[in-house]
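# Remarks on the overall topology
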Amino acid sequence: MSHRMLHLLLQSVLPLGKGCIFISLCSLTLIPDFFACCCLSCVFLQDVVVASGFTVGKSPTVHKDKLHTFNLLLSGDNACIYVRTFINKAPKYTYVRLGDLKAGSVVNVYGVVVFFKQPFKSRGTDFCSSLKITDQSNQKIGCTIFCEKLEDHPKIFQIGDIVRMHRVKTQFFNDSITLVNTFGFSVVTFDGVAGSAMDPRTSSRSFHLDQEDRQTVEELRSWAASQTILPPVPSSPLSAVQPKAYFDLTCQLLAKAPIDTTCTLLKVWDGTRCPHTLLKVIVEPNAIEGPTSFSTEIENLIANVLVYDNHVEFARQLKPGDFLRIYNLRAIPGSSKVPGLTSSQSEEVDHLAFHLHGGTAYGRGIRVLPENSPDVLELKRVIEALPEDGELNDSAMLEIWSTPPESLGKNGCWMERSCGHDIQSVTLSELKQCDPGRVHHVRVQLRSYEPRRLHQALKLYCSKCTSIQDVPDDELVASLFSEASKDPGPCSPPPWAFSGWVDIPGDSPGSSKRALSVHLSTQLMSEGKTKELIFLMGSTLEETCRLTSGYQNIVPVRASGGHMALLDLSAPFLFRGRKRYYGCRQCSEAAAREPCAEGVELIDEKIIAEALGVQLLQFVLLMKLELQDGTDTLEAFLWRDAESFFRVSAEDVAANQEAQNSIRQTMDSLCPAGGSTGECPWLDLCLTVYRAEDDGGQNQTCYQICHTTITKTPSTQSDPAPA
């Protein structure tokens, strides 16, 4: 069948090896030697080609790749190929909603990222990355990507980013639909923040983006902003880091040095100063890549990050000057001994250390950010505005870190907008005429707020089922403990537990002690960690709280059917000091199991929840504020950015009276009780507008406060309304 002519529509073209290229038509075509060089430089997707001088043979890979049963082989002196290019004709793609996916098909999809892991080296030659996406169908779909080159993986910077994936295959795994990349896979990533620039992130040089794509991205941004699918962003500057917190850090790498084969030191900064004393790490100057010394002012802004295990290999590729986002970084207080400690450095006590633990759980990893990233541009502005010498005071830091607010006089309320949007403020009446999916700046007063009892603003949020619920009051929790403490008969301890008794002092001098049954992990006992974790049976709520001063973690348990079981998840499943942790009743598969603490420096709530099969609930703050200016009034929610707004974490509010008082004082200043609106200060806020369904299923326009922080407690004296 040589010297035959065939007209074909070109679907894809890839290099296959020396002297060969792969062309996806209606069949598999191999073109050796001379044609490979020519075709790669002149053929494009959707081109029409005319092939002459080919032979037909059966495909040896048809059962594996599911492509055409025949190959076309062009060879010989008379073989040739003609290409007709349609320059103005763009490819047309069809996208499938995630709720409409069927197993066994190759599809194109859009989705909002609700979870992701940075690419890591697989057992083969590829890198592997995993993510979970959702869309308006409210289906959460897992995706696994295998690509040999890191640049071909999705460039996801944070939860909420939007991905567009072409040619992914649907398949069943663990009784649910999942997506895997297949031949011809490509991906484009967009920032998921409503109103942000439409800057695609991709390594492809021939991707297509038209008005329909832009509209789809904007619709997903608007929809995501109206949902509770996204947890509060854990990103935090060094100036706001709290001990024991996990957070994402956007920073610049100044220098690095190997500590040992399992640990690398990264010296980073973000232009802000951590309020806590930080761990100092001394290394030999000849081991440092980058500057070996800094001025005193810069040294005070540098954080030492210790990177462990699988992240060490990636850290070796980093260059001083790179802008990074470090995911799931841990701030560990107390004594921190540096790996490979030399005799010249003593053990640091009561210092805050930053550790990036091994593994990829919770998206843990490092990503180099591009120079044009909005976060990098903001970070550059912060760093470039730092004074060359002299100490940084609070006023200087305020001017550096964000857009300075308008002067409100010596008694004004200082509000810090960190969004970086260069837009004019609008009135509330103008804002109500604006389309959803964008952010706006307003200057307003706080007319009223809900709930008036501020402890009711504290909620429990499940990142898995996206439910929000009230925090149970002590009366309910005490009744659950009381019911569980009733003698249910004999209880056999699990095989991994060592059982004993602990004496609870009486309520008053002279009163008798009460002995309670406790179970300890034999693994932790063998490591001498007898105070790290106990399972406590038969105690009341008050008795459990009394014991928290002597044990780091207490898991209350009960006897059920002769075996040890957790309490009803309406009660806390874990006590850590003054803090209580709750689990989601709908998403948890709770059971009393031994946590795996091998190689773990600190047993925290996440490790215990994972071992017990408990979906950990997160404390969040949720309020509704009624805003007003000279033109109109408007109700806006405060919850995703509530922690940064008040400069306190919801977890601290749940356990710390000082944090509760801070919020109360702030709200009393913003909206004085019994005062007139003339006494309320003027506030510069950033608001996002989105669409959401009410309880009756009707769409309504909603507003949410974002990118705004209280930087100074205002007095009740106000300035005149803006002109």
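Residues numbered from 1 in each chain as written. Predicted model: local features only at pLDDT ≥ 70, side-chain atom pairs only at ≥ 80, totals over all residues. Heavy atoms only, no water.

## With respect to the overall build of the protein chain
Tallying secondary structure elements over the protein chain gives 15 helices and 36 strands in all. Across the 723 residues in the protein chain, those meeting the buried criterion constitute 47%. In the protein chain, the share of contacts with a sequence separation of at least 24, taken over all contacts with a separation of at least 6, comes to 64%. In the structure as shown, the protein chain presents an accessible area of about 35,700 Å², 50% of it carried by carbon and sulfur atoms. (Helix = DSSP H or I, 4+ residues; strand = E, 2+ residues; numbered from the N terminus. Buried < 20%, exposed > 50% of the residue type's maximum accessible area, 1.4 Å probe, protein only. Contact = heavy atoms within 4.5 Å. Areas by Shrake-Rupley, 256 points an atom, 1.4 Å probe, with all protein chains shown as cover.)

## A closer look at the sheet that holds strand S31 (residues 618-621)
Spatial strand order, S23-S22-S31: 3 strands in an open sheet with antiparallel pairing. Every interior strand has two partners, whereas the edge strands, strand S23 (468-470) and S31, have only one. Across this sheet, the average inter-strand angle for adjacent strands is 45 degrees, counted without regard to direction. Here 4 bridges tie strand S22 (residues 458-461) to S31, and the two strands are oriented antiparallel to one another. Bridge pairing in S31 links Leu458 to Leu621. (Pairing = 2+ DSSP bridges. Axes fitted to C-alpha atoms, helices over the stretch in contact; angles between N-to-C directions.)

## Re the packing of aromatic side chains
Here the structure, examined in full by the defined rule, presents 8 aromatic pairs. Centre to centre, the rings of Phe645 and Phe646 are 5.0 Å apart; their planes meet at 85 degrees, and the pair counts as edge-to-face. Residue classification places Phe645 among the buried residues on the basis of a relative accessible area of 2%. A relative accessible area of 6% places Phe646 in the buried class. It is Lys531 that lies over the ring of Tyr551; its NZ or CZ is 4.7 Å from the centre. Seen from the ring of Tyr246, Lys606 lies directly overhead, with NZ or CZ sitting 4.0 Å from the centre. (Phe/Tyr/Trp six-rings, centres within 6.5 Å; stacked < 30°, edge-to-face > 60°. Lys NZ or Arg CZ within 6 Å of the ring centre and 35° of its normal.)

## Notes on the sheet that holds strand S13 (residues 176-190)
An order of S9-S10-S11-S13-S12 is seen for the 5 strands of this closed barrel, with the pairing classed as mixed. When strand polarity is set aside, the average angle formed by the axes of neighbouring strands in this sheet is 50 degrees. Here strand S9 (residues 106-121) runs beside strand S12 (residues 162-173); their pairing, made up of 6 bridges, is antiparallel. In the strand pairing of S12, Val106 is matched with Lys169. Helix H3 (residues 211-225) contacts S9, strand S10 (127-134), S12 and S13 of the sheet and is inclined by roughly 65 degrees relative to S9.

## Structural notes on helix H9 (residues 474-485)
In this model H9 runs 16 Å from its N-terminal to its C-terminal C-alpha over 12 residues, within 8% of the 16 Å that 1.5 Å per residue would give. Those residues of H9 hidden inside the fold are in contact with helix H11 (541-547), strand S27 (554-560) and strand S29 (574-576). (Expected span 1.5 Å × (residues − 1).)

## Focus: the pattern of salt bridges
Under the defined criterion, the tally for this structure stands at 20 salt bridges. Salt-bridge contacts for Arg447 lead to Glu626; the nearest nitrogen and oxygen are separated by 3.5 Å. Of this pair, Arg447 sits in strand S21 (residues 439-450) while Glu626 is found in strand S32 (residues 623-628), placing the two residues 179 residues apart along the sequence. For Arg447, a relative accessible area of 42% gives the class partly exposed. Linking Asp470 and Lys459 is a salt bridge whose minimum nitrogen-to-oxygen distance equals 2.5 Å. Pair noted here: Asp470 is in strand S23 and Lys459 is in strand S22, with a separation of 11 residues, a long-range link. (Salt bridge = Lys/Arg side-chain N within 4 Å of Asp/Glu carboxyl O.)

## Regarding the side chain of His440
Along the polypeptide, His440 turns up in strand S21. On the basis of relative accessible area, His440 is assigned to the buried category, the value being 11%. In this structure, His440 is in contact with Ile423, Val426, Leu431, Cys434, Leu685, Cys686, Leu687 and Val689, ignoring residues within four places of it in sequence.

## Examining the nonpolar core
Ranked by internal contacts, the top residues of the largest apolar core, which has 58 residues, are Leu446, Leu625, Leu627, Phe646 and Met667. With near-sequence residues (within four places) excluded, Leu625 lies in contact with Leu446, Ser448, Tyr449, Leu634, Glu635, Ala636, Leu638, Met667 and Ile705. (Core = buried A, V, L, I, M, F, W, Y, C linked by side-chain atoms within 4.5 Å.)

## Some remarks on unusual backbone geometry
For the peptide bond that leads from Glu450 to Pro451, omega is -5 degrees, which places it in the cis range. Assignment of secondary structure puts Pro451 in the loop between S21 and S22. Phi at Asn328 takes a positive value of approximately 60 degrees, unusual for a residue other than glycine. Positive phi values are uncommon outside glycine, yet His707 reaches one of about 50 degrees. Of note, His707 is situated in the loop between strand S35 (699-706) and strand S36 (708-712).

## Observations concerning helix H15 (residues 657-670)
Helix length check: H15, at 14 residues, gives a terminal C-alpha distance of 20 Å against a target of 20 Å (1.5 Å per residue), a fit within 8%. Every buried residue of H15 is accounted for by Ala659, Ile663, Thr666, Met667, Ser669 and Leu670. The buried side chains of H15 occupy one side of the element, clustering within an arc of 165 degrees when seen end-on. Exposed positions of H15 whose direction lies more than 90 degrees from the buried face are Glu658 and Gln665. Two to three positions downstream of the cap, the backbone nitrogen of Glu658 sits 2.7 Å from a side-chain oxygen, assigning the N-cap of H15 to Asn656. (Arc of directions from axis to C-beta. Polar contact = N/O pair within 3.5 Å; in protein donor to acceptor, adjacent residues only side chain to side chain.)

## Structural notes on the confidence of the model for the protein chain
Predicted confidence across the protein chain gives a mean pLDDT of 79, with 79% of residues reaching 70 or more. For residues 341-347, every residue scores under 50 in pLDDT, and the model assigns this stretch 10 contacts once sequence neighbours within four places are set aside. Segment residues 713-723 is flagged for pLDDT under 50; beyond a separation of four residues in sequence, or across chains, it makes 27 contacts in the model. (pLDDT = per-residue confidence, 0-100.)

## Side note on the environment of Ile534
In this structure, Ile534 sits in strand S26 (residues 534-537). Looking at Ile534, the relative accessible area reads 1%, which means it is buried. Sequence separation of Ile534 and Val518 is 16 residues, and the distance between their C-alpha atoms is 6.4 Å. Discounting residues that sit within four places of it in the chain, Ile534 has contacts with Val518, His519, Leu520, Tyr551, Asn553, Ile554 and Val555.

## Some remarks on the state of the cysteines
Counting across every chain of the model gives 0 disulfides. Cys462 carries a free sulfur, and the closest cysteine sulfur to it, the one in Cys465, is 3.6 Å from it. On the accessibility criterion, Cys462 (0% relative accessible area) is buried. (Disulfide = S-S within 2.5 Å.)

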